[in-house]
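Observations on the three-dimensional arrangement
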Amino acid sequence: MRTVDCIQKKRDGLALAPEEIRHLVRGFVNGSIPDYQMAAWAMAVFFRGMTPEETACLTMEMADSGDRIDLSAIRGIKVDKHSTGGVGDTTTLVLGPLVAAAGVPVAKMSGRGLGHTGGTIDKLESIPGFRTELAPDEFASQVNRIGIALTGQTGNITPADKKLYALRDVTATVNSLPLIASSIMSKKIAAGADAIVLDVKTGRGAFMKSLEESVLLAERMVDIGRRVGRTTVAVISDMNQPLGYAVGNALEVSEAIGVLAGEGPADLRELCLELGSHMVVLGGRAASAEEARRLLERLLDDGSALLKFHEFLAAQGARVPGEADRLLGRMNGSANGGVPAPLGKEAALRLAGLWRRQLPAATFTREIAALRDGFVTDIDAEAVGSAAMLLGAGRETKEAAIDHAAGVVLRRKVGDRVEAGEPLAELHWSGGLAEGRTEQASRLLLEAYRIGDGKEAPPPLIRAVVTEDGVRMRNAVL
């Protein structure tokens, strides 16, 4: 089989056979197909696209190019969640313990961040003592014991995807729908999930800028899941302004703790309830999303989700506040029959405060004030993320260190009234920043806000849900 024939076939808009896709992927990974030929094929795909059958085949070939994680030792239906990325996207920190508290096992592999802010691993590493590397047997044992474990990704998951993405990044072929879909789904399949819930971001702070292209991406990924035997649901959520108020690792952990304690930003809570409901249904713990939502709301409001978070952190080596042990010890001692009782609101808030005090705090803060009276009409989420990165919350290169305490806290969001001189946002940073970075971040953040005379409603958070049965629009039409 000649590689040039595969390139020509795709250039002419024809579908490749499974053996031709297998030849391309395996040859690229083992080095027998050079970069320039794979780049030519990627460009042909960029312009000609791929059929659903081709996309599913490419996905499985990339999933099979390295290690496949075996989660069979873990009891129950394993449901994975993936976000296409956004600013202030703290959902994993809430969803993991919340869904585990509902009885669905959470066996999560996450990575580090590159760009706007840190990844889930970076966020958890802001908690003193937390271990992000678990041996496979330890990982499975912990999920079976407490319902949740989280570890860093191994170095050999989907090497074909890593190599192809690096090539796409320098050949202007990143924005190809089938290549994006197969990249995301290959990693989820290799990670061993039985079912998958996707959070597809849409808007200026997201990879997919328009609702139409976000729906198309979601449909393609749900179709891949169907074809390869993984039930998949995609929720399309708005990223025209940051999710929640915190952007930055320790700041986001603190905000997630608030949601787990039954408080926190309404939009972050709402998105977690939406995503979590689908995870609980796919995990077989509820017959409908409505039933699942009622269960999850109760687990947030009675402190059960926060208690599971506490258990998860302790299991992975986090330094547990002594006061927390005493608080929980008193409660467990008073529970009927020795069975732990729900925390309740007051105790949950006390436990949340104890964990928040464990988090690192920035050395310096600065408020960014409004220049005029009016209503916030728009916040450029991407600019907010860039400001946080300038302060040290994100990486510009894979080797760069991050400041876990750095970031941005929004004080106003779309629809809020503000007077001239009142704070719009707050910068957090520590020493050692390059000269001018705080000033640059300040300007960027101020420019991210638009203030007008009339009040505008915040953009709808949930735009659509995509399942194997089709697209259900919410608060929007295509």
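All values reported here derive from a predicted model rather than from experimental measurement. Residue positions are given per chain, counted from 1 along the sequence in the order it is written. Note on the predicted model: pLDDT of at least 70 is required for a residue's local features to be given, and 80 or more for side-chain atom pairs to be given and counted; whole-chain, interface and lining totals, by contrast, use all residues. With hydrogens and water set aside, each side-chain value is computed from the structure's full complement of heavy atoms.

Each helix and strand counted, the protein chain has 18 helices and 14 strands in total. Radius of gyration here uses only the C-alpha atoms, and the compact-globule reference equals 2.2 Å multiplied by the residue count raised to the power 0.38. The C-alpha radius of gyration computed for the protein chain amounts to 23 Å, which stays within 12% of the reference 23 Å derived for 478 residues, consistent with globular compactness. Think of it in three bands: with a 1.4 Å probe and only protein chains considered, a residue is buried below 20% of the maximum accessible area for its type, exposed above 50%, and partly exposed in between. For the protein chain, the proportion of its 478 residues judged to be buried stands at 58%. Looking at the protein chain alone, contacts between residues at least 24 apart form 77% of all its contacts between residues at least 6 apart. Numbering of helices and strands starts at the N terminus; helices are DSSP runs of H or I of at least 4 residues and strands are runs of E of at least 2. Between two residues, a contact is recorded if the distance between any of their heavy atoms is within 4.5 Å.

Here a cavity means grid points, on a 1 Å grid over the protein atoms only, where a 1.4 Å probe fits yet cannot get out; a pocket means an open set of points with protein on both sides within 12 Å along at least five of seven lines; lining residues are those with an atom within 4 Å of a point. Grid points are joined across faces, edges and corners, and a volume is the space filled by probe spheres set on the points. Applying the stated rule across the entire model yields three cavities of 30 Å³ or more. Of the pockets and cavities examined, the largest cavity occupies roughly 140 Å³. As for the largest cavity, its lining consists of 17 residues, of which Thr92, Leu95, Gly96, Val106 and Lys108 are closest to the centre. If you list the elements that add at least two residues to the lining of the largest cavity, you get strand S1 (79-83), helix H5 (91-101), strand S2 (106-110), strand S3 (148-152) and helix H14 (304-315). Residue composition of the lining of the largest cavity, grouped by class: twelve nonpolar, two polar and three charged. One number sums up the size of the second largest cavity: a volume of about 60 Å³. The wall of the second largest cavity is formed by Leu71, Lys78, Val79, Asp80, Pro105, Ala107, Lys108, Ala191 and Ala193. Elements with a contribution of two residues or more to the lining of the second largest cavity: S1 and S2. For this classification, Asp, Glu, Lys and Arg are treated as charged, while Ala, Val, Leu, Ile, Met, Phe, Trp, Tyr, Cys and Pro are nonpolar and the rest, including Gly, are polar. By residue class, the composition of the lining of the second largest cavity is six nonpolar, no polar and three charged.

This part is about the packing of helix H1 (residues 3-11) against helix H2 (residues 18-30). Close contact between H1 and H2 brings their axes to 10 Å; oriented N to C, the two are set at 120 degrees. In terms of orientation, H1 and H2 fall into the oblique class. Two packed elements cross with a definite hand, and for H1 against H2 that hand is left-handed. Two secondary-structure elements touch here, H1 through Thr3, Cys6 and Lys9 and H2 through Glu20, His23 and Leu24. Axes here refer to lines fitted to C-alpha atoms; in helices the fit is confined to the stretch in contact. Angles between the N-to-C directions go from 0 to 180 degrees. Note on terminology: angles under 35 degrees are roughly parallel, angles over 145 are roughly antiparallel, angles of 65 to 115 are roughly perpendicular, and the others are oblique. Handedness of a crossing is defined here by the sense of rotation of the near helix relative to the far one, left-handed for an anticlockwise turn of less than a right angle and right-handed for a clockwise turn.

In this section: unusual backbone geometry. Here Thr158, not a glycine, exhibits a phi torsion of approximately 40 degrees, which is positive. Within the element layout of this structure, Thr158 appears in the loop between S3 and helix H8 (159-169). You will see that Ala172, though not glycine, has its phi angle at about 60 degrees, which is positive. When you line up the elements, Ala172 lands in the loop between H8 and helix H9 (177-190). When its relative accessible area of 60% is taken as the criterion, Ala172 is described as exposed.

With that out of the way, let us pick up the pattern of salt bridges. Any carboxyl oxygen of Asp or Glu within 4 Å of a side-chain nitrogen of Lys or Arg constitutes a salt bridge here. Counted according to the given criterion, the structure contains 33 salt bridges. Across the pair Arg204 and Asp378 runs a salt bridge whose closest N-O atoms are separated by 2.2 Å. Of this pair, Arg204 sits in the loop between strand S4 (195-202) and helix H10 (211-227) while Asp378 is found in strand S8 (residues 374-379), placing the two residues 174 residues apart along the sequence. The class of Arg204 is partly exposed, set by a relative accessible area of 35%. Overall, the relative accessible area of 23% leaves Asp378 in the partly exposed class.

Here the focus is the environment of Lys345. One can find Lys345 in helix H16 (residues 345-356). Given a relative accessible area of 35%, Lys345 falls into the partly exposed group. If we skip the residues at most four places from it in the chain, Lys345 touches Ala261, Gly262, Glu263 and Asp301. Any pair of nitrogen or oxygen atoms within 3.5 Å is treated as a polar contact; in protein, a donor-acceptor pairing is required on top of that, and neighbouring residues in sequence qualify only through side-chain atoms on both sides. In terms of polar contacts, Lys345 uses its side chain to reach the backbone carbonyl oxygen of Gly262, at 3.0 Å.

Next up on the list: the side chain of Lys81. As for its position among the elements, Lys81 is in strand S1. One polar contact links Lys81 to Thr91, side chain to side chain, over a distance of 2.8 Å. Lys81 has contacts with Thr91, Thr92, Leu95, Lys108, Lys188, Val197, Leu275 and Met279, leaving out every residue within four places of it along the chain.

Here we come to the nonpolar core. Burial of nonpolar side chains together is a common tendency in soluble globular proteins. Counting residues in hydrophobic clusters, the biggest one holds 92 residues, and the most contacted among them are Ile127, Leu306, Leu313, Val384 and Val408. Of all the elements, helix H12 (residues 266-282) adds the most residues to this core, at eight residues. Non-local contacts of Val384, meaning those with residues more than four positions away in its chain, are made with Val87, Pro242, Val247, Ile379, Val408, Leu410, Leu445 and Ala448. In this text, buried Ala, Val, Leu, Ile, Met, Phe, Trp, Tyr and Cys residues form a nonpolar core when linked through side-chain atoms within 4.5 Å. Formed by 21 residues, the second largest nonpolar core is a distinct cluster that contains Phe28, Ala39, Met50 and Cys57.

A few words on the confidence of the model for the protein chain. The predictor reports its confidence for every residue as pLDDT, a score running from 0 up to 100. Looking at the protein chain, pLDDT values average 91 and 94% of them are 70 or higher. Low pLDDT (under 50) marks residues 333-339, which in the prediction has three contacts with non-local residues, meaning those over four places away or in another chain.

A contiguous nonpolar surface patch, about 300 Å² in accessible area, is contributed by Met43, Phe46 and Phe47. Here Phe47 lies in helix H3 (residues 35-48). A relative accessible area of 64% means that Phe47 is categorised as exposed. Like charges are joined within 9 Å and nonpolar side chains (Val, Leu, Ile, Met, Phe, Trp, Tyr) within 5 Å, but only among residues with over 30% relative accessible area and no salt bridge; these make up the patches. Per-residue and other accessible areas were derived by the Shrake-Rupley procedure at a 1.4 Å probe size, with only the shown protein chains allowed to occlude residues.

Sheets are built from strands paired through backbone hydrogen bonds, the pairs being either parallel or antiparallel. Read across the open sheet, the five strands follow the order S1-S4-S5-S13-S14; overall the sheet is mixed. Lying at the two open borders of the sheet, with one neighbouring strand each, are S1 and strand S14 (470-473). Averaged over all pairs of adjacent strands, the angle between their axes in this sheet comes to 15 degrees, without regard to strand direction. The pairing of strand S5 (residues 231-238) with strand S13 (residues 462-467) spans four bridges and is antiparallel. Looking at the pairing, Val235 lines up with Val465 of S13. Strands were regarded as paired on the criterion that DSSP finds at least two bridges between them.

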